[in-house]
Amino acid sequence: MLRNNRKKAVPSTSLFLPDEKKSYSFKRRMWVELTSMIGQQAFAIQFSSLMVIATLIFMSIRPSALSTKHSTSQLVPNTNGTKTTIVLMGYYSERTSNYHQIFEAYSQMDLLIDQVLFLWNNLDEPIPPIPNSLAQAKVPIIPLQQSRNSMNNRFGVDVTQRVRTSSVLLVDDDVVLSSGMIQAMIEGWVQSDSNPMKRPMIGVQNDARIVGEGQYFFHCSRIEGWFFLQPNCWRWPFRGTSVKTTPYRQNLVIGKTMLFSRTNLRLYQNDESISNFAESHFCEDVLMNALVRNVTHRKDPVYIVEKSQYTRGGSLPITRSTLNEQGGLSRVTINSLLGSWVRQRRECVKFSEEYFGTDIWKSRVSSA
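Residues numbered from 1 in each chain as written. Predicted model: local features only at pLDDT ≥ 70, side-chain atom pairs only at ≥ 80, totals over all residues. Heavy atoms only, no water.

A.B. asks: Before we go on, may I ask you to explain the sheet that holds strand β7 (residues 208-212) in this structure?
C.D. replies: Strand pairs in the sheet, formed through backbone hydrogen bonds, run parallel or antiparallel to each other. Taken together, three strands build an open sheet; the order of strands is β8-β7-β9 and the sheet is antiparallel. Edge strands, defined here as strands with exactly one partner in the open sheet, are β8 (215-217) and β9 (252-253). When β7 meets β9, the two strands line up antiparallel, connected through two bridges. Note on β9: the bridge partner recorded for A208 is V253. (Pairing = 2+ DSSP bridges. Helix = DSSP H or I, 4+ residues; strand = E, 2+ residues; numbered from the N terminus.)

Structure representation (structure tokens):
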């Protein structure tokens, strides 16, 4: 006998009839969606308000960062806490105003600079005084009277005994670097190799030179203000050939602005052949370049390109400003000595090739 498995209808206990129930569900769903939309709109309004407030705050801070040309207090540089030591050498008292500008600028860059070593080479005039306002500066200014007038003092004992950072930054006394430039140089040096001893020389693009085979050349567009030096631009020995296809690229940075490992200071000091030759030929920067290339297996320098604008990403301007050049050699004196100066630089290049090997200025791809 077949059993009827269908369940009997159970009377509904709902207060709503089926049509009323559907209407209630629809209204409830609409209410939930409406409240959700209201919540999202409220969040969007709050978020937009916060963004407006943040923008106003940022705009109120940004002008001060722009107006403080050499300040780093607004931005923390991405140098992993690495600082450098500025080595500044002076001789002319006529440039005292330069020194004050330089000290004022660097004394505020405590996030980048550990100290400024001010070497005074003039034996007949006292060291220009450090302004009283910088007595308690964030970056100490250390004046050091030298016992002799020598360009080698930049790599001397007074420097090695006081440097506490892993790198040193040599800067001439007629220029001042922006904090963005110093930051870029430190970052370029740190990122070039994990081993500080293998890191190449860091310089400014405008200071690039090409040397090799006993020759010393600068770019053809830079005749240094003296027409008769035009044959010494770096396309001269490679006529009809692109510079890129020659064994020599931009492989030297002049001493106007250069950063390198402090370990190279003692290597230079302990090698009398190098220091003595540099003393008689005024080419200490050339031989320091050669020494660094020898230690780093012929690595070319890293050149920092100047950028004068404040970028949207927050980077500071990367600049080098020229100051008063009063007190330097007169144009007449320079014109009379420039021929011998070029000859001495060439002799220095020849010496470096004899001392470190004929390939010292040829570029190599590092295997590190």
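Back to the write-up after that little detour.
A.B. asks: Any chance you could explain the pattern of salt bridges here in plain terms?
C.D. replies: As a working rule, side chains carrying opposite charge can pair if their charged atoms are close by. Counted by the stated rule, this structure contains 13 salt bridges. The partner of R154 in a salt bridge is D172, and the shortest N-O contact between them spans 3.7 Å. Taken together, the positions of R154 in the loop between β3 (141-145) and α3 (157-160) and D172 in the loop between β4 (167-171) and β5 (175-177) put the pair 18 residues apart, joining distant regions of the chain. Note that R249 is salt-bridged to D300, the shortest N-O span being 3.1 Å. With R249 in the loop between β8 and β9 and D300 in the loop between α7 (284-295) and β11 (302-304), this residue pair connects regions lying 51 residues apart in the sequence. One connected set of salt bridges, linked through shared partners, spans R154, D172 and E284. (Salt bridge = Lys/Arg side-chain N within 4 Å of Asp/Glu carboxyl O.)

A.B. asks: Where do I start with the pairing of β4 in this structure?
C.D. replies: Each regular strand shows side chains that alternate between the opposite faces of the sheet. When you tally the buried positions in β4, you get five out of five residues, the bulk of the element. Every second residue of β4 is oriented toward a common face, with S167, L169 and V171 on one face and V168 and L170 on the other, all of them buried. Taken together, the five bridges between β4 and strand β10 (residues 257-261) define a ladder with antiparallel strand orientation. Residue pairing across strands places V168 opposite F260, the latter belonging to β10. (Buried < 20%, exposed > 50% of the residue type's maximum accessible area, 1.4 Å probe, protein only.)

A.B. asks: Mind showing me how you'd approach the packing of aromatic side chains here?
C.D. replies: The geometry of an aromatic ring pair is captured by two quantities: the separation of the ring centres and the angle between the planes. Enumeration according to the criterion identifies 12 aromatic pairs in this entry. Centre to centre, the rings of Y99 and W120 are 6.1 Å apart; their planes meet at 90 degrees, and the pair counts as edge-to-face. Here Y99, found in helix α2 (residues 96-106), pairs with W120, found in strand β2 (residues 113-120); they are 21 residues apart in sequence, far enough to count as distant. Like Y99, the residue W120 is buried in the burial classification. Consider the rings of F103 and F118, whose centres lie 5.2 Å apart with planes at 75 degrees: the pair is edge-to-face. In this pair, F103 is assigned in helix α2 and F118 in strand β2, connecting sequence segments 15 residues apart. Every member of this aromatic cluster is reached through a ring pair, and the members are Y99, F103, F118 and W120. Here R199 stacks its cationic end above the ring of W189, 4.4 Å away from the centre of that ring. (Phe/Tyr/Trp six-rings, centres within 6.5 Å; stacked < 30°, edge-to-face > 60°. Lys NZ or Arg CZ within 6 Å of the ring centre and 35° of its normal.)

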